[in-house]
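So you can see what is in the structure, the chains are spelled out below.
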Amino acid sequence: ERTAQIRQREEEVAWRLLWAVETRDKDTGTHVRRIGLCARALAEALGWDSQAVEDFKLAAAMHDIGKISVRDSILLKPGRLTAEEFEEIKKHTTAGAEILRGSSIPMLQMAEEVALSHHERWDGGGYPRGLQGEEIPESGRIVAIVDVYDALLSDRPYRAAFSHEEALAIM
């Protein structure tokens, strides 16, 4: 019973942190919830143990927590970003890791790892560290996949959402 109470507190803290991001950008708020659920499903399919799967659902949802540090003029811009603006938004990975750094709670430790690594790419062309292949933590690789998939299925100010089939072909 005590373990369940502690878990409930951890979840509430995580969702309240995410609410802080959502107050600035509704699209990010709904996006992070979808990412948490999809990442959980993939981790489960990969055979992660049940506690890691539950931690990952919350950790994955926190992948964009660093966007709270991005200026509204960039975060809420209704069109494509300039090169300078994109460099600024890329900092959300390190900002998120910094927000989450130093916790003794396994879920928050995983969330730090995810925040820092979810824009790394298998070919080494990602950011912020240019990791490649298995240098990228598995948690970051999973979130990268579901993050891109969700982005492709979502309408953007500069393009309509792709279908499931189109998204898979692009990926």
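About the cut-offs
- Residues numbered from 1 in each chain as written.
- Predicted model: local features only at pLDDT ≥ 70, side-chain atom pairs only at ≥ 80, totals over all residues.
- Heavy atoms only, no water.
- Salt bridge = Lys/Arg side-chain N within 4 Å of Asp/Glu carboxyl O.
- Helix = DSSP H or I, 4+ residues; strand = E, 2+ residues; numbered from the N terminus.
- Buried < 20%, exposed > 50% of the residue type's maximum accessible area, 1.4 Å probe, protein only.
- Axes fitted to C-alpha atoms, helices over the stretch in contact; angles between N-to-C directions.
- Parallel < 35°, antiparallel > 145°, perpendicular 65-115°, else oblique.
- Left-handed = near helix turned anticlockwise from the far one by under 90°.
- Contact = heavy atoms within 4.5 Å.
- Patch = residues over 30% accessible without salt bridge, like charges linked within 9 Å, V, L, I, M, F, W, Y side chains within 5 Å.
- Areas by Shrake-Rupley, 256 points an atom, 1.4 Å probe, with all protein chains shown as cover.
- Polar contact = N/O pair within 3.5 Å; in protein donor to acceptor, adjacent residues only side chain to side chain.
- Core = buried A, V, L, I, M, F, W, Y, C linked by side-chain atoms within 4.5 Å.

Visitor: If you had to explain the pattern of salt bridges to someone new, which residues and values would you point to?
Guide: Close approach of charged atoms lets side chains of opposite charge pair. Enumeration over the complete set of coordinates arrives at 14 salt bridges. Between D55 and R7 there is a salt bridge; the shortest N-O distance is 2.5 Å. Of this pair, D55 sits in helix α3 (residues 50-61) while R7 sits in helix α1 (residues 2-22); the two residues are 48 residues apart in sequence, bridging distant segments of the chain. R7 shares its class with D55; the two are buried. Among the salt bridges present, the one from E85 reaches K77, with a minimum N-O distance of 2.6 Å. Residue E85 is classed as buried on the basis of its relative accessible area, which comes to 17%. What emerges from the salt-bridge pattern is a single network uniting R7, E10, E11 and D55.

Visitor: Mind laying out the packing of α1 against α3, listing which residues take part and the relevant values?
Guide: Two elements in contact, α1 and α3, have axes whose closest approach is 9 Å; the angle formed by their N-to-C orientations is 20°. When the axis of α1 is compared with that of α3, the two are roughly parallel. The handedness of the crossing between α1 and α3 comes out as left-handed. Mapping the contact onto sequence places R7, E11, A14, W15 and L18 in α1 and Q51, E54, D55, L58 and A61 in α3.

Visitor: Before we move on, could you go through a nonpolar patch on the surface and cite the residues and values that matter?
Guide: Taken together, the side chains of L42, I145, V148, L168 and M171 present a nonpolar region at the surface, about 420 Å² in accessible area. On the secondary structure map, I145 appears in helix α8 (residues 138-152).

Visitor: Can you break down the environment of E85 residue by residue, with the values?
Guide: In this structure, E85 sits in helix α5 (residues 83-90). It is 20 Å that separates the C-alpha atoms of E85 and A97, two residues lying 12 residues apart in sequence. The contacts of E85, once residues within four sequence positions are left out, are I74, K77 and R80. For E85, the side chain forms a polar contact with the side chain of K77, separated by 2.6 Å.

Visitor: Could you give an account of the nonpolar core, with specific residues and numbers?
Guide: In this structure, A39, W48, F56, M62, L100 and V143 are the most contacted members of the largest nonpolar core, which totals 27 residues. Every element with two or more residues in this core is listed here: α1, α2 (26-45), α3, α7 (106-117) and α8. Tallying contributions element by element places α3 first for this core, with 7 residues. Filtering out sequence-adjacent residues up to four positions away, A39 remains in contact with F56, A60, I142, V143 and V146.

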